[in-house]
Amino acid sequence: MRASPIIVRDEDVEALLPMSVAIEQVERMLAARAEGRCVTPPRHHVAFPGLGDLVFTVGGVTDGMGPLGFRVYDLFPGSRDQFTAIWEDGLSGIVLGSRLGLRRTGAIGGTAIKHLARADAKTLAVIGTGPQAHAQIEAALAVRPIDSIRVYSRDGVRRTDFARAVESAHSIATIPAVSARGAVTDADIVITATTSTTPVLDAAWLKPGVHINMLGPKARDAYELDPALADVMWRIGTDSIDQIRQMTFFLEGIPANRRVSDLTRLIDELKDKGRPSESSTLFVSVGLAGTEVALGAAVLAAAKSAGRNPPY
């Protein structure tokens with residue numbers, strides 16, 4: 001008789017999926033995709049007039065039975081419910097809540113930092129103080145010897161509270177900067193995780209050799225990074241070229257758009273050729289389908305190993 005699906009929640013993701021493990025899962029997913037063993041289509045929006053959209057991401061590994069599945073979340077006003085359903089040989093289940101999505105976006109960003117940022121990167125600047133910023137910081141700390149962090153957002157109280165929370169959680173000196181320029185000056189790694197629809201950075205503020213992770217708006221009419229900044233980057237990577245092709249991408253129509261590479265291909269290139277220390281890199285996070293399924297499968301396996309009998 002087939003067992004009932006395991007159900008895990010946000011607190012289980014926190015307890016059972018360390019960021020280092022999440023990054024390992026993302027790297028495995030990228031390797032499988034490079035070998036043609038994954039299904040990773042762009043996300044699909046279903047509109048409900050007067051309410052908003054339901055958004056589906058579907059993906060997984062085609063070896064045998066999974067892991068494969070889908071995530072669905074809503075864009076209804078005042079709501080952001082979501083769940084991920086996973087099928088895998090001998091194990092199936094559902095992950096409820098938002099932490100899995102944050103973990104996977106953080107892990108994708110951490111993978112980009114691991115392979116694109118300078119190996120000696122120690123200073124981190126973060127523009128934005130929401131949940132995605134927390135996840136990106138955790139991921140950066142998992143892959144680089146960060147010894148100082150500067151954070152900025154327009155709300156002075158919020159950035160001070162955020163800095164205190166980060167310093168308390170990670171025991172790393174974290175300074176609330178009074179300006180975006182003050183935050184990013186001399187930083188080795190810059191993370192932009194804002195909701196701003198106008199650019200938050202100027203290329204002149206950045207040191208040579210910086211690596212940037214961009215998470216916020218990136219549509220042609222609303223973007224948190226100036227397209228001119230992308231033009232001066234040595235390499236530009238993204239986790240899903242297919243997803244970009246479905247967007248009104250902010251780099252369309254400028255030379256930099258032709259230089260956007262799949263992250264997996266860029267990782268392979270840098271392994272072969274290396275990364276000049278004075279060259280700057282940009283990673284544009286758009287969301288790779290199937291990565292949340294891979295991470296969800298890891299949580300379910302950990303729950304099963306911990307003896308959490310379904311349904312949980």
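Structural data are supplied above this passage.
All figures in this text were calculated on a predicted structure; none of them were measured in a lab.

**Q** Would you take a moment to explain the overall build of the protein for this structure?
**A** Within the protein, the regular secondary structure consists of 10 helices and 17 strands. Taken over the C-alpha trace, the protein has a radius of gyration of 19 Å; the compact-globule value for 312 residues is 20 Å, and the two agree within 12%. The principal-axis extent of the C-alpha atoms belonging to the protein is close to 65 × 45 × 40 Å. Burial analysis of the protein (312 residues in total) assigns 52% to the buried set. Partitioning the contacts of the protein with sequence separation of at least 6, the portion at a separation of at least 24 is 69%. Per element, the accessible surface of the protein, about 13800 Å² overall, is 52% carbon and sulfur. Of the charged side chains in the protein, 34 are positive and 35 negative, and the gap between their average positions amounts to 2 Å.

**Q** How should I be thinking about the pairing of strand 17 (residues 281-284) in this particular structure?
**A** Along a regular strand, successive side chains alternate from one face of the sheet to the other. Side chains Thr281 and Phe283 of strand 17 all project onto a buried face; the interleaved residues Leu282 and Val284 project onto the opposite face, where all are buried too. Bridge count between strand 12 (residues 211-214) and strand 17: 4 bridges; the pairing is parallel. Paired with Ile212 across the strands is Leu282, a residue of strand 17.

**Q** For this particular structure, what's the right way to read the pattern of salt bridges?
**A** Close approach of charged atoms allows side chains of opposite charge to pair. Under the criterion given, the structure shown has 14 salt bridges. Notably, a salt bridge pairs Glu35 with Arg37, separated by 2.7 Å at the nearest N-O pair. Arg37 gets classed as partly exposed once you look at its relative accessible area, which sits at 25%. Between Arg103 and Glu138 there is a salt bridge, and its shortest N-O distance comes to 3.3 Å. Here the residue Arg103 occupies a position in helix 3 (residues 99-116), and Glu138 occupies one in helix 4 (residues 131-143), the gap between them amounting to 35 residues. Owing to a relative accessible area of 25%, Glu138 belongs among the partly exposed residues under this scheme. If you follow the salt bridges from partner to partner, you end up with Glu14, Arg99, Arg103 and Glu138 in one network.

**Q** Just checking my understanding: could you explain the nonpolar core for this structure?
**A** What tends to happen in soluble globular proteins is that the nonpolar side chains get buried as a cluster. If you look at the biggest cluster of nonpolar residues, it comprises 52 residues, and the most contacted ones within it are Leu17, Leu124, Val126, Ile149, Ile189 and Ile191. Judged by nonpolar contacts, the second largest core, of 31 residues, contains Ala125, Ala180, Ala183 and Ile236.

**Q** I tried to follow the pairing of strand 4 (residues 52-61) on my own but got confused; where do I start?
**A** Here strand 2 (residues 38-39) runs beside strand 4; their pairing, made up of 2 bridges, is antiparallel. Counted as the bridge partner of Val39 is Gly60 from strand 4. For strand 3 (residues 44-48) and strand 4, the ladder comprises 5 bridges, and the chain directions are antiparallel. The partner of His45 across the bridge, within strand 4, is Val55. The hairpin formed by strand 3 and strand 4 contains 3 residues between the paired strands, and Gly50 there has a positive phi angle of roughly 85 degrees. As judged from the 7 bridges shared by strand 4 and strand 5 (residues 68-74), these two strands associate in the antiparallel manner. Bridge assignment links Gly59 to a residue of strand 5, and that residue is Gly69. Taken together, strand 4 and the strand that follows it, strand 5, pair antiparallel across an intervening segment of 6 residues, in which Gly64 is found at a positive phi of about 60 degrees.

Conventions used here
Residues numbered from 1 in each chain as written. Predicted model: local features only at pLDDT ≥ 70, side-chain atom pairs only at ≥ 80, totals over all residues. Heavy atoms only, no water. Helix = DSSP H or I, 4+ residues; strand = E, 2+ residues; numbered from the N terminus. Rg over C-alpha atoms; globule rule 2.2 N^0.38 Å. Buried < 20%, exposed > 50% of the residue type's maximum accessible area, 1.4 Å probe, protein only. Contact = heavy atoms within 4.5 Å. Areas by Shrake-Rupley, 256 points an atom, 1.4 Å probe, with all protein chains shown as cover. Lys, Arg positive; Asp, Glu negative; His and termini not counted. Charge placed at Lys NZ, Arg CZ, Asp CG, Glu CD. Pairing = 2+ DSSP bridges. Salt bridge = Lys/Arg side-chain N within 4 Å of Asp/Glu carboxyl O. Core = buried A, V, L, I, M, F, W, Y, C linked by side-chain atoms within 4.5 Å.

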